[in-house]
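# Observations on the model geometry
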Amino acid sequence: MKAIRFFRSFGFAYSGIKAALKSEQNIRFHFTAAAIVIAAGFFTGLSEVEWMLVTLVIGGMLALEMFNSSMERIVDLASPNLHPLAKQAKDMAAGAVLVFAIASAIIGLLIFLPKWF
């Protein structure tokens, strides 16, 4: 019985990804950017280690963006009225996404630029 619950959890996760893609513009942007980076990686001929880094950065970015979206929904549910702490929580989660996006861009530049120039 536990195995059934375990495998059902994959369905819930897939539903979450689908819901995020359907409702969140930033998630769609990050998925599109990930597809472009993957295509560029194939054309550039990345090494195994570079692919590992790109995979970690893409996975981390998508996961963090989905976490941010879920945080926004939780805060909206818990605090439907404007509240300074609710705003701070949402802003901090968005800030975490921005920090990781900047780090991801730097990693991408460090990997791709030497191969292109």
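For clarity, every value in this text was computed on a predicted model and none was experimentally measured.

## Some points on helix 2 (residues 25-44)
For helix 2, spanning 20 residues, the distance from its first C-alpha to its last is 28 Å, which sits close to the expected 28 Å at 1.5 Å a residue. Turning to helix 2, its buried residues are Ile 27, His 30, Ala 34 and Gly 41. The buried residues of helix 2 occupy an angular sector of 60 degrees when projected down its axis, which confines them to one face. Those residues of helix 2 that are exposed and angled more than 90 degrees off the buried face are Gln 25, Phe 29, Ile 36 and Phe 43. One or two positions beyond helix 2, positive phi appears at Gly 45, with a value near 80 degrees.

## What to know about the nonpolar core
Side chains of a nonpolar character, in soluble globular proteins, are inclined to be buried together. Among the nonpolar cores identified, the biggest contains seven residues, and these are Ala 34, Leu 46, Val 54, Ile 58, Leu 62, Ile 111 and Phe 112. If you list the elements that add at least two residues to this core, you get helix 3 (48-78) and helix 4 (84-116). At three residues, helix 3 tops the list of elements feeding residues into this core. With residues up to four places along the chain from it excluded, the contact list for Ile 58 reads Ala 34, Val 37 and Ile 38.

## Quick look at the confidence of the model for the protein
Across the protein, the average pLDDT comes to 95, with 99% of residues at 70 or higher. Mean pLDDT values for the elements of the protein range from 92 in helix 1 (residues 2-23) up to 97 in helix 3.

## Quick notes on the environment of Gly 45
Summarising the element assignment, Gly 45 is placed in the loop between helix 2 and helix 3. Remark: the alpha-carbon pair of Gly 45 and Phe 112, spanning 67 residues in sequence, is separated by 9.8 Å.

## Looking at the pattern of salt bridges
Summed over all chains, the structure comprises four salt bridges. A salt bridge links Glu 50 to Lys 115, with the nearest nitrogen and oxygen atoms 3.3 Å apart. Of the two residues, Glu 50 is situated in helix 3 and Lys 115 in helix 4; the sequence distance between them amounts to 65 residues. For Lys 115, a relative accessible area of 37% corresponds to the partly exposed category. A salt bridge links Asp 91 to Lys 87; the nearest nitrogen and oxygen atoms lie 2.5 Å apart.

## With respect to the packing of aromatic side chains
Under the definition given, this model contains five aromatic pairs. Residues Phe 6 and Phe 10 carry aromatic rings whose centres are separated by 5.2 Å and whose planes lie at 90 degrees to one another, so their mutual orientation is edge-to-face. With Phe 6 and Phe 10 both in helix 1 and four residues apart, this pair spans about one turn of that helix. A relative accessible area of 46% means that Phe 6 is categorised as partly exposed. Between Phe 42 and Trp 51, the ring centres sit 5.0 Å apart and the planes meet at 50 degrees, which makes this aromatic pair tilted. The class for Phe 42 is exposed, based on a relative accessible area of 61%.

What counts, and at which threshold
- Residues numbered from 1 in each chain as written.
- Predicted model: local features only at pLDDT ≥ 70, side-chain atom pairs only at ≥ 80, totals over all residues.
- Heavy atoms only, no water.
- Helix = DSSP H or I, 4+ residues; strand = E, 2+ residues; numbered from the N terminus.
- Expected span 1.5 Å × (residues − 1).
- Buried < 20%, exposed > 50% of the residue type's maximum accessible area, 1.4 Å probe, protein only.
- Arc of directions from axis to C-beta.
- Core = buried A, V, L, I, M, F, W, Y, C linked by side-chain atoms within 4.5 Å.
- Contact = heavy atoms within 4.5 Å.
- pLDDT = per-residue confidence, 0-100.
- Salt bridge = Lys/Arg side-chain N within 4 Å of Asp/Glu carboxyl O.
- Phe/Tyr/Trp six-rings, centres within 6.5 Å; stacked < 30°, edge-to-face > 60°.

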